Amino acid sequence: MILTTTPGVQGRNIVEYKGIVFGEVISGVNFLRDFAASVRNFIGGRSGSYEEELIRARTQAMDEMAARAAQLGADAVVGIDIDYEVLGTDNGMLMVTASGTAVKLD
């Protein structure tokens, strides 16, 4: 499965549009606890645990999107966009959404 943010795949023609596909992950994180990590980042440090959680959530969202595209018989997902949102009354949930257009290539 080819995954790209571009509107097409260089050297390949899109022969069929299968539809828009999504992958979503909602992950529980404690942003109050991680506020100290963001301050560390601002003054020069980095929060490895927070970065790992973002990477994990993004990877899972991309994998889920690719699996949904494969179910439609797609060869690629083009025009991928990844969004991050904070949810919950205490902002304790992180949502990562990957979306794109599933296509069949020649």
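Report follows, based on the coordinates. Note that the structure is a prediction, hence the values are computed from the model and not measured.

### Some details on the pattern of salt bridges
Okay, step 1: This model, assessed by the stated rule, comprises 6 salt bridges.
Okay, step 2: Arginine 68 is the partner of glutamate 64 in a salt bridge, and the nearest nitrogen-oxygen pair spans 3.1 Å. Within this pair, glutamate 64 and its partner arginine 68 are both found in helix 2 (residues 48–71), separated by 4 residues, close to a single helical turn.
Okay, step 3: Relative accessible area serves as the criterion here: at 35%, arginine 68 is assigned to the partly exposed category.
Okay, step 4: Salt bridges sharing common partners tie together Glu24, Glu64 and Arg68.

### Digging into the nonpolar core
Okay, step 1: In terms of nonpolar packing, the biggest core is built from 14 residues, with Val21, Met65, Ala69 and Val77 touching the most fellow members.
Okay, step 2: If you list the elements that add at least two residues to this core, you get strand 2 (14–28), helix 2, strand 3 (76–87) and strand 4 (93–105).
Okay, step 3: Sort the elements by how many residues they give to this core and helix 2 lands first, with 5 residues.
Okay, step 4: Setting aside anything within four residues of it in sequence, one finds alanine 69 in contact with Met1, Val21, Ala74, Val77 and Ala102.

### What to know about the sheet that holds strand 3
Okay, step 1: With mixed pairing, 4 strands are arranged side by side in an open sheet as 1-3-4-2. Strand pairing shows two members of the sheet lacking a second neighbour, strand 1 (2–3) and strand 2, which therefore form its edges.
Okay, step 2: One ladder, built from 2 bridges, connects strand 1 with strand 3; its direction is parallel. Looking across to strand 3, one finds that leucine 3 is bridged to valine 77.

Conventions adopted
Residues numbered from 1 in each chain as written. Predicted model: local features only at pLDDT ≥ 70, side-chain atom pairs only at ≥ 80, totals over all residues. Heavy atoms only, no water. Salt bridge = Lys/Arg side-chain N within 4 Å of Asp/Glu carboxyl O. Helix = DSSP H or I, 4+ residues; strand = E, 2+ residues; numbered from the N terminus. Buried < 20%, exposed > 50% of the residue type's maximum accessible area, 1.4 Å probe, protein only. Core = buried A, V, L, I, M, F, W, Y, C linked by side-chain atoms within 4.5 Å. Contact = heavy atoms within 4.5 Å. Pairing = 2+ DSSP bridges.

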